[in-house]
Amino acid sequence: MSEVRTLIVDDSSVMRKIVERSLRQAGLDSLVVFEAGSGIDGLEVLKAEHVDLILSDINMPSMDGLEFLRQIRALNLAAGVPVVMITTESSEEHVKQAILAGAQGYIRKPFTPEQVKERVLPLLRTV
Amino acid sequence: MALSLRDSVDLVSDPRNLDTSVEEVFHLMLGVNCTRYSGPPEAGEPESVTAVVGFGGLLSGACVFRSGSSAAMKIAAHMTGMEFEEVDDTVKDGIGEICNMLAGAWKGKVPQLAANCGLSIPAVITGRDYNLHVQAPEFKLYHRYKFDGAGFEVTIICDGLQ
């Protein structure tokens, strides 16, 4: 697979590293990672960089993941780029909210690298 | 009819939910197996790391993770693949995230709770010789666990149930 420019948004730097490691274990060796600690920082990255994939936490200070997603769409940033939410919130209501806000995938924490592979790789094939 | 958890207290406070949540988080994120133990408390390290994630909504309270500094560093090492000699910001970040996942996994065991109970951002406290006290909770679960010889404790405190 060619270079995959990926934005990982999570207020935990440890979790950002775990997500990156899981993506590499899923076979995305040619990963170029941009990190952001909040939705606000994530928007700044998207204004400056082209990305192919966005993975975002939901529960974050300053701007949560759902608002981040709404802002991406409202500002017409990253059009057509798949967004996968990675979060501890697992109810159907949370999944519905994420899908309505424009997410294409949903991964519940804790997760395995296999789950990341199953949810992310099919989305990249459609890009 | 307003949603209520009052009739589901036994389900919400089922201690097995906490054990399953701890096993799941440690197995999936650290690749280790945890065992619960119930003997007398071991002589703890003077310095400890505590992470707190609050619950709000149908249930109010908190999930509290507490361990000695060496267990905290060991957990962070498993999460990151790095070695730690002190409880630095990365260790605190990792412990906060473990507590966040424990709180999320625990509330996810009860569907009504999963959908109607929010989680706060984790707060992490480090220090020596401190105790946690909650005035008259609705219920409290306090379990101790071990993995690779390192011990930690998880407490679920419910101080309000709608």
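Remember, it's a predicted structure, so these values are computed and weren't measured experimentally.

Caption draft 1: Quick peek at the overall build of chain A. Helix and strand counts for chain A stand at five helices and five strands. For chain A, the C-alpha radius of gyration of 13 Å lies close to 14 Å, the compact-globule estimate for 127 residues. Within chain A, the fraction of its 127 residues that count as buried is 42%. Contacts in chain A between residues far apart in sequence, at least 24 positions, make up 65% of those at least 6 positions apart.

Caption draft 2: Representation of the sheet that holds strand 2 (residues 31-36) of chain A in the model. All names here are of chain A. Reading across from one edge, 2-1-3-4-5 is the order of the five strands in this open sheet, with parallel pairing throughout. Only two strands of the sheet have a single neighbouring strand rather than two, namely strand 2 and strand 5 (105-108). Neighbour-to-neighbour, the strand axes of the sheet open up by a mean angle of 20°, direction not taken into account. Helix 2 (residues 39-48) rests against strand 1 (4-9), strand 2 and strand 3 (53-56) of the sheet, and its axis sits at about 160° to strand 1.

Caption draft 3: Geometry of the nonpolar core. All names here are of chain B. Counting 77 residues, the largest nonpolar core has C63, F65, A72, I95, I98, C99 and L102 as its most contacted members. Broken down by element, this core gets its largest block of residues, nine residues, from helix 4 (residues 89-108). Every residue in contact with L102, bar those within four places of it in the chain, is listed here: S21, V22, V25, C63, F65 and V154.

Caption draft 4: Region of interest: the interface of chain A and chain B. Contacts between the two partners involve 17 residues from chain A and, on the opposite side, 21 residues from chain B. Broken down by element, the side of chain A that touches chain B gets its largest block of residues, five residues, from helix 1 (residues 13-25) of chain A. Among the residues making up the side of chain A that touches chain B, the classes are represented as six nonpolar, seven polar and four charged.

Caption draft 5: Highlighting unusual backbone geometry. Residue and element names in this part refer to chain A. Following K109, the chain continues into P110 via a peptide bond in cis, with omega recorded as -5°. For S62, which is not glycine, the phi dihedral falls at a positive 70°. Looking at where S62 falls in the secondary structure, it is placed in the loop between strand 3 and helix 3 (65-74). Even without being glycine, A78 reaches a positive phi, approximately 50°. Tracing the sequence through the fold places A78 in the loop between helix 3 and strand 4 (83-87).

Caption draft 6: Representation of the packing of helix 2 (residues 15-30) of chain B against helix 4 of chain B within the structure. Residues and elements named next belong to chain B. The N-to-C vectors of helix 2 and helix 4 enclose an angle of 135°; their axes lie 9 Å apart at closest approach. The orientation of helix 2 relative to helix 4 falls into the category oblique. Considering the relative orientation of helix 2 and helix 4, their crossing is right-handed. Here helix 2 contributes N17, L18, S21, V22, E24, V25 and M29 to the contact with helix 4, which in turn contributes I98, M101, L102, A105 and W106. Taken together, the residues of the contact of helix 2 with helix 4 break down into nine nonpolar, two polar and one charged.

Caption draft 7: Quick look at the pairing of strand 1 of chain A. All names here are of chain A. Here strand 1 pairs with strand 2 via six bridges, running parallel. Across the sheet, I8 pairs through a bridge with E35, a residue of strand 2. Between the parallel elements strand 1 and strand 2, the chain passes through helix 1 in a crossover that is right-handed.

Caption draft 8: Representation of the pairing of strand 5 of chain A in the model. Residue and element names in this part refer to chain A. Side chains G105 and I107 project from strand 5 onto a buried face, and the interleaved Y106 and R108 project onto a face without burial. In terms of strand pairing, strand 4 meets strand 5 through four bridges, oriented parallel. Paired with V84 across the strands is G105, a residue of strand 5. Between the parallel elements strand 4 and strand 5, the chain passes through helix 4 (residues 92-101) in a crossover that is right-handed.

Caption draft 9: Representation of the environment of F65 of chain B in the model. Tracing the backbone shows F65 of chain B in strand 3 (residues 59-68). With near-sequence residues (within four places) excluded, F65 of chain B lies in contact with T50, A51, I95, I98, C99, L102, F152 and V154 of chain B.

Caption draft 10: Geometry of the packing of helix 2 of chain A against helix 3 of chain A. All names here are of chain A. Relative orientation of the contacting elements helix 2 and helix 3 amounts to 30°, with a least axis distance of 9 Å. Comparing the axis directions of helix 2 and helix 3 gives the class roughly parallel. Every pair of crossing elements has a handedness; the one defined by helix 2 and helix 3 is right-handed. Residues G39, G42, L43 and L46 of helix 2 lie in contact with helix 3, whose contacting residues are G65, E67, F68, Q71 and I72. Residue composition of the contact of helix 2 with helix 3, by class: four nonpolar, four polar and one charged.

Rules used in this analysis
Residues numbered from 1 in each chain as written. Chains lettered and ligands numbered in written order. Predicted model: local features only at pLDDT ≥ 70, side-chain atom pairs only at ≥ 80, totals over all residues. Helix = DSSP H or I, 4+ residues; strand = E, 2+ residues; numbered from the N terminus. Rg over C-alpha atoms; globule rule 2.2 N^0.38 Å. Buried ≥ 20, exposed ≤ 12 C-beta atoms within 10 Å, placed from the backbone. Contact = placed C-beta atoms within 7 Å. Pairing = 2+ DSSP bridges. Axes fitted to C-alpha atoms, helices over the stretch in contact; angles between N-to-C directions. Core = buried A, V, L, I, M, F, W, Y, C linked by C-beta atoms within 7 Å. Nonpolar A, V, L, I, M, F, W, Y, C, P; charged D, E, K, R; others polar. Parallel < 35°, antiparallel > 145°, perpendicular 65-115°, else oblique. Left-handed = near helix turned anticlockwise from the far one by under 90°. Right-handed = clockwise from strand over helix to strand, strands pointing away.

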